[in-house]
Each structure stands twice: as structure tokens, then as C-alpha cells.
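What follows is the residue order along each chain.
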Amino acid sequence: MRLSSLLFLVCFFTVAMSQCAAAAKARHFRWEVSNMFWSPDCEEKVVIGINGQFPGPTIRAKAGDTIVVHLKNGLHTEGVVIHWHGIRQIGTPWADGTASISQCAINPEETFTYRFVVDKPGTYFYHGHYGMQRAAGLYGSLIVDVADGDEEPFKYDGEINLLLSDWYHESIYTQMVGLSSNPFRWIGEPQSLLINGRGQFNCSLAAAHTPGAKQCAAAGNRHCAPVILPVLPNKTYRLRVASTTSLASLNLAVGNHKLTVVEADGNYVEPFAVDDIDIYSGDSYSVLLTTDQDTSANYWVSVGVRGRQPRTAPALAVLNYRPNRASRLPAAAPPATPAWDDFARSKAFTYRILGRAGVTPPPPATSDRRIELLNTQNRMGGGHVKWSINNVSMVLPATPYLGSLKMGLRSALPSAARPSDTFGRGYDVMRPPANPNTTVGDNVYVLAHNATVDVVLQNANALARNVSEVHPWHLHGHDFWVLGYGDGAFRGDAGDAAALNLRNPPLRNTAVIFPYGWTAIRFVADNPGVWAFHCHIEPHLHMGMGVIFAEAVDRVSELPKAAVSCGATATALMAGAGGHV
């Protein structure tokens, strides 16, 4: 190569790198988490907020940016962490924000700095991952736009952000005591559903269409004022929708409007149009909505319960066609939420979500390891109800897994037993367990670096007859391909293999298991760290429904001491092991 050509290439790449570095920014935030009085559904309760806000502040960044959050714990009597849901934390596993897994809980009046890169655009959110603090209101939106110079593979004129949640009047501490008690006390159904932190309890914005309902007051508390979504006629809007519910599976519909699904969990999908979308806890979507209806009217946005017999009224917001008055309630009835147990409809929607052609990379053709995880409800100690995986209910240690495994402190783990990769083929998933007893353990699966791993999530009957629940499972540190779904027991035979999609499966970070069914996913263990994989329903995780994946922990770079200065790792650090952290 001629010297002039070589110099040109060097200059070109140097300029390109400098432009890329100039485009990416470090975005700094100073947050304080604290308890405060709030009225999410017009009933005043104590919530966990950030900087006096509920929900917490929205983070907006561009792909490639570095997020720096200086988080002070203003709670007086308990620790706190924040998980950045859907952000893979490549190279920063200690910033994943999972207490007892990736870091120590931040003690009252202490500050911990989260620093991580948002590497790809998409719709994400953040939430507490200590105890059941997410159910107490510790959550907010995290939106990542495309990097400068890049474009989305679809066009739109404006954007609307919808963060969906459910709300309980009973405190999370009462809930946790009940879940751990003998006799067992279930948390029940939520009192309200919230859209962007606002809802209405014991009244309806659409009382005229709801027999026996009381009309909500027109004026009232700003905390629970109706959500108004202003739009202009004949425009296309991107609705970014995420669910941080504690329990409820949801369905979202907009009166008279079609929704075109274009993104799921921060990954583009093959576009398809529907009347409504199901959204499980931990899911996020982008859907396109075109304002092509009667411009003299406003329209309901309705969010109702799916997957469980609903005892919670739908949440309503108003799609306000400007210049109509925002206070002008839609004349038509809100869209009806599909029957809660119409799982055929739920499956039909879920099965339509496929990777976008030319954008979504295909999965590896084969896997190196298959782990089958049987989800069961069990009893322990005579009466304590637990959720178990392959008959082991997960418990979390005082010492974070990331620190203890990095420093070789196996004694800090709850159990030294290697968890099982499968369960007995004779297990009858259609009936309550013949032997309902279970045990506890750490459920740590050690994965080979860069191994391709298949996980089959198997649903089963709970303790009561004819009960099998929806479980949305979320993987930290990775996206995975959803290869397929099936009904009944997974056998691993040719019939099950034929149900797998290796051509255009979607990339997700959360996948649902339907009642009495199974879901198969595939991912590459290429992100050194220790990662939670668990049901995203808050009480189910609290009752032990999860496992841990440990990947190439020896390749993790030096851990911040603030992330591991508790439990056995704190003792080791004091003894001079800091150089090994």
C-alpha cells in the first residue's frame, strides 16, 4: 500500500473515532431515594420516590452514551439498589443493580455511583431490586434514542411514553410478612392500575359506561389527575409502553385505533398491526398509532388485567385530538379488555412477534448446553409456600455473588450443591405436585465463557388443582432469542424440536410462560458477570422463583469496593484481598 493511502486511512479512522467519541456523552444525574406521601390513585399512601418525584425522573440518552447516576439512599431503615432493566451492562456487571447478586445494598445515607453505557437504542425502564421496593413505587422510564447519524427503521411524527404499573394500598412490608408467614397470606389483587403513576380508585372516568361505577371528580389531586395524551390529527405517533407491574399482566388498547408493533424489549421486530397488545411485567414495546379517526372526538386509552381473574378496574387515559378540549371525555365506551383467561388470544399475539428481517441477527444453529427449569409451587417447613425451580427455592446471601465468586469465597454461598440441569421426565405438569416439599439453595449455574445456552422454562400446576399461572421471566445481562413455545410437558423430542424457530426468532430480555406450557430461549454466555434470571412478578421472586447464571467471573475487571463491601467480601477486603477484587 502506498504511504499516501496508508496515511489517508489512518486519518480517516482517527477522525471517525474522534467524531464518534464527540457524539457520545456522559449524562450525569444526582438522585436521592426517599419515602414520601403521595396519592397515586387519589388515596394517600407512602411511596418510594426519587428527588421528590413519583414515578422517578425519566432518563433520556442516545446509544453509546454513558449514564452516571449518583444515588443517595435517603430511606431511614433499609438499603436500596436500582436495576436498569434491559441494559446489558457489558463490562460493568457491578452496575446491574441487584442486591446480593451484583452488589451490596446501599445503606441509609450512603451514596453509590452507577456508571454504565447504554449500547443500543430502545424502550427501557429502571426499578428497585431490593426486597419488594418496586411494588412501593421505585421505578421510572429510561429511553435510549438512536445515535447521531443513525435512523430507526420506521417513521413517526411524535412520541408518547406510557409507563404502566399496578398499585397496592397495603404496604410492601405487610405483603412480605404475609408471603413468608405460616399460614401463608397472599397479597391479593392490586387496588388500582396506574398509567404514568396515575390512576383512580373506587371511581371511573367512564362511569357513564360502567354500571354501578361512581364518576371520578373532575377536579382533584394533581397526583391522580387523569392522564391526557395530546396529539394532532393525521400524524403517526410512537407509543413507548413498558410494564413495571408487581403482579398484573395487562392489555392496552386505544379506542378506534390500530396499533402497529415495531419494537420489543429494545429490539426491532417485524411490524404487525393489532387492535390491542398484551404486556407482561418486565415487557416493553414500541407501537405506532396513526391519528386518522374523527378529529372532533377524543378517545380512550384503556389498560386492563389479563391472565388473572380481574378484580381491579381498568386504568383510563384520554387521547386528546387537538384542538379539542382535554377535559372533553370520549363519548364512546372504552375498549373492552379481552377475557382474562382467553389464552388462545394471548398466544396468538405473542407468537406474531418475530425478529425484523435484515436487522435481527439469527441465533446460533446449535447449542452447547440445555438447562430445563421446572417452575412449581411447593411447601417448606410444613406450611410456608414457596416457588421452586427444579425443587429448589432460591435464597439470596449476605455476600453478593459477584464478589464472592470473583474472590473465590464459596463458603459465602447458601449451598455448595450444583443445581440440576433438568427435572424428571415423569413429572406430571397437569396436576399438583405429588410430593409438595421443597428445599432452598443458591441456584447458581456456572456457564462456560461464550457457550451457547438453551433454557427451557416449564410451567406446571400450582398447589391447588386446575391452577397454572402466567410467569414472565427476565434475564439480566443479555438479550435472548425466543425459539418457541409449547403446550403441556416439554419432552425434548422431534416434535418439540419442530416447534422451534431458528429462522427469525425475536430478541427479547423477558419471555412469558403460559399456563401448563413451556418456552424455549437461546443466548450466548458472552458477558462476564453474575446475572439474575427470574420471574418478574414481585411476590413470586420474593418466594424464590429464580436462578443465577455465573459467566467467566475471572474475566471481570476490578470491582468497585463500594459494590462488594459487605458480608464475607468485606471481611476479605479488610484482610488485604482488595488486590484480587
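- If you check an unreviewed UniProt entry, the protein chain appears there as L-ascorbate oxidase from Oryza sativa subsp. japonica.
- The protein chain has a UniProt comment under Cofactor (unreviewed entry) that states "Cu cation".

### Comments concerning the state of the cysteines
Here's step 1: Here the structure, examined in full by the defined rule, presents three disulfides.
Here's step 2: Each disulfide pairs two cysteine sulfurs, and for Cys-104 the partner residue is Cys-566, the sulfurs being separated by 2.1 Å. Measuring handedness by torsion sign, the sulfur bridge of Cys-104 and Cys-566 sits at about -95° and is left-handed. Residue Cys-104 is located in the loop between strand S5 (82–85) and strand S6 (111–117), and its partner Cys-566 is located in the loop between helix H7 (561–564) and helix H8 (567–574); the two are separated by 462 residues in the primary sequence.
Here's step 3: Sequential numbering of the bridged cysteines in the protein chain gives the disulfide pattern 1-5, 2-6, 3-4.

### Structural notes on the pairing of strand S18 (residues 299–306)
Here's step 1: Burial analysis of S18 places eight of its eight residues in the buried class, which makes it a mostly covered element.
Here's step 2: Neither face of S18 is left uncovered, since the one carrying Tyr-299, Val-301, Val-303 and Val-305 and the one carrying Trp-300, Ser-302, Gly-304 and Arg-306 both have all their residues buried.
Here's step 3: Direction of pairing for strand S13 (residues 249–254) relative to S18: antiparallel, over a ladder of six bridges. Bridging from a neighbouring strand, Leu-250 pairs with Val-305 of S18.
Here's step 4: For S18 and strand S19 (residues 315–321), the ladder comprises five bridges, and the chain directions are antiparallel. Residue pairing across strands places Trp-300 opposite Val-318, the latter belonging to S19.

### Looking at the domain arrangement of the protein chain
Here's step 1: Taken as a whole, the protein chain is organised into domain 1 (3–145), domain 2 (158–351) and domain 3 (369–569).
Here's step 2: The gap between the C-alpha centroids of domain 1 and domain 3 is 25 Å.
Here's step 3: Contact with domain 1, which involves 27 residues of that partner, is made by 37 residues of domain 3.
Here's step 4: Across the interface of domain 1 and domain 3, roughly 2,300 Å² is buried in total on both sides, 62% from carbon and sulfur atoms.
Here's step 5: For domain 1, the biggest contributors to the area lost against domain 3 are Trp-94, Ile-101 and Cys-104; these three give 28% of the whole.
Here's step 6: The interface formed by domain 1 and domain 3 includes two salt bridges.
Here's step 7: Among the ionic pairs, Asp-479 bridges to Lys-120, the shortest N-O distance being 3.1 Å.
Here's step 8: The interface formed by domain 1 and domain 3 includes 16 residue pairs in polar contact (both at pLDDT 80 or more).
Here's step 9: Broken down by secondary-structure element, the contributors of at least two residues to the side of domain 1 that touches domain 3 are S5 and strand S7 (122–128).

### A closer look at the UniProt feature "domain: Plastocyanin-like" (unreviewed entry) in the protein chain
Here's step 1: Under the present numbering, the feature "domain: Plastocyanin-like" (unreviewed entry) in UniProt falls on residues 33–145, 161–323 and 435–552.
Here's step 2: Each end of residues 33–145 is marked by a C-alpha atom, and these two atoms are 26 Å apart; helix forms 0% of the span and strand 43%.
Here's step 3: Its end C-alpha atoms 36 Å apart, residues 435–552 is made of 8% helix and 46% strand.

### Some details on unusual backbone geometry
Here's step 1: Note the cis peptide between Asn-182 and Pro-183, where omega equals 10°.
Here's step 2: By secondary structure assignment, the location of Pro-183 is in the loop between helix H2 (172–179) and strand S10 (192–195).
Here's step 3: Each neighbour pair has its own omega, and for Arg-322 with Pro-323 the value is 10°, a cis peptide bond.
Here's step 4: Its location among the elements puts Pro-323 in the loop between S19 and helix H3 (343–351).
Here's step 5: One non-glycine residue, Gln-89, lies in the positive phi region at around 55°.
Here's step 6: When you line up the elements, Gln-89 lands in the loop between S5 and S6.
Here's step 7: The phi dihedral of Ser-100 is positive, around 70°, even though this residue is not glycine.
Here's step 8: Take Ser-100: it is sitting in the loop between S5 and S6.

Conventions used here
Residues numbered from 1 in each chain as written. Predicted model: local features only at pLDDT ≥ 70, side-chain atom pairs only at ≥ 80, totals over all residues. Heavy atoms only, no water. UniProt positions renumbered as here; feature names shortened; annotations may be inferred. Disulfide = S-S within 2.5 Å. Helix = DSSP H or I, 4+ residues; strand = E, 2+ residues; numbered from the N terminus. Buried < 20%, exposed > 50% of the residue type's maximum accessible area, 1.4 Å probe, protein only. Pairing = 2+ DSSP bridges. Domains from an automatic or database assignment. Contact = heavy atoms within 4.5 Å. Buried area = accessible area lost by both parts, 1.4 Å probe. Salt bridge = Lys/Arg side-chain N within 4 Å of Asp/Glu carboxyl O. Polar contact = N/O pair within 3.5 Å; in protein donor to acceptor, adjacent residues only side chain to side chain.

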